[in-house]
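# Close look at the chain arrangement
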Amino acid sequence: MSHTPGPWAVVGGPSKYNQVYAEGAKTSETSAFLTGWITPANAHLIAAAPLLLEAAEELANAIEKQLAMTGKGITPSPRVAAALESARTAINAAKGNQQ
């Protein structure tokens, strides 16, 4: 599954009617991929999804690479392991790979 590449942008105002567009799309076009009665807070969260996915992937990959570099027999702290598992779960969910 492939999502619309980011960045995404919110078009709308303080009302609850907002639209989420891929960056560069004009409001007069019919290229909005999410439109309707969406609160501004939710619209901005949705628009941030591509950036959040990219950040989660970068962090998870960096943690895994660092752990691999520390040598065999080294295990991450429970907090790091839980954070890595949460990141991978979120990444899989975002990509439609529910497990």
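Values in this document were obtained by computation on a predicted structure and should not be read as measured data. (Residues numbered from 1 in each chain as written. Predicted model: local features only at pLDDT ≥ 70, side-chain atom pairs only at ≥ 80, totals over all residues. Heavy atoms only, no water.)

As a further point, take the overall build of the protein chain. A count of helices and strands for the protein chain gives three helices and three strands. Element order for the protein chain, N to C, with α for helix and β for strand: β-β-β-α-α-α. Evaluated residue by residue, the protein chain yields a buried proportion of 16% over its 99 residues. Here the contacts in the protein chain between residues at least 6 apart in sequence split such that 36% fall between residues at least 24 apart. Approximately 7,100 Å² of the protein chain is accessible, and the part contributed by carbon and sulfur atoms is 60%. (Helix = DSSP H or I, 4+ residues; strand = E, 2+ residues; numbered from the N terminus. Buried < 20%, exposed > 50% of the residue type's maximum accessible area, 1.4 Å probe, protein only. Contact = heavy atoms within 4.5 Å. Areas by Shrake-Rupley, 256 points an atom, 1.4 Å probe, with all protein chains shown as cover.)

Turning our attention to the nonpolar core. One finds Trp8, Val20, Ala22, Ile38, Ala43 and Ala47 forming the largest nonpolar core, which totals six residues. Put simply, the parts of the chain that give this core at least two residues each are strand S2 (17–22) and helix H1 (40–47). Apart from the residues lying within four places of it in its own chain, the contact partners of Ala47 are Trp8, Ala9, Val10 and Val20. (Core = buried A, V, L, I, M, F, W, Y, C linked by side-chain atoms within 4.5 Å.)

Let us now look at the packing of H1 against helix H2 (residues 49–69). Where H1 contacts H2, the two axes come as close as 4 Å, and the packing angle between them is 45°. As judged from the angle between their axes, H1 and H2 are oblique. On H2, the residues touching Leu45, Ile46 and Ala47 of H1 are Ala49, Pro50 and Leu52. The residue inventory of the contact of H1 with H2, partitioned by class, reads six nonpolar, no polar and no charged. (Axes fitted to C-alpha atoms, helices over the stretch in contact; angles between N-to-C directions. Parallel < 35°, antiparallel > 145°, perpendicular 65-115°, else oblique. Nonpolar A, V, L, I, M, F, W, Y, C, P; charged D, E, K, R; others polar.)

Here we have three strands laid out as an open sheet, ordered S1-S2-S3, and antiparallel in their pairing. Taken across any chain shown, the strands that pair with only one partner, and hence form the sheet edges, are strand S1 (8–12) and strand S3 (34–37). Taken over all neighbouring pairs, the strand axes of this sheet differ in orientation by 20° on average, direction set aside. The pairing of S2 with S3 spans four bridges and is antiparallel. Looking across to S3, one finds that Tyr17 is bridged to Trp37. Packing against the sheet, H1 makes contact with S1, S2 and S3, and its axis sits at approximately 160° to S1. (Pairing = 2+ DSSP bridges.)

Of all the six residues making up S2, five are buried; the element is thus mostly covered by neighbouring parts of the structure. Bridge analysis of S1 against S2 gives five bridges, and the strand direction is antiparallel. Within S2, the residue paired with Ala9 across the bridge is Tyr21. What sits between S1 and S2 in their antiparallel hairpin is a turn of four residues.

Let's shift gears to the confidence of the model for the protein chain. Overall, the prediction assigns the protein chain a mean pLDDT of 80, with 83% of residues at 70 or greater. Across the protein chain, element-level confidence peaks in helix H3 (residues 78–94) with a mean pLDDT of 92 and bottoms out in S3 with 76. (pLDDT = per-residue confidence, 0-100.)

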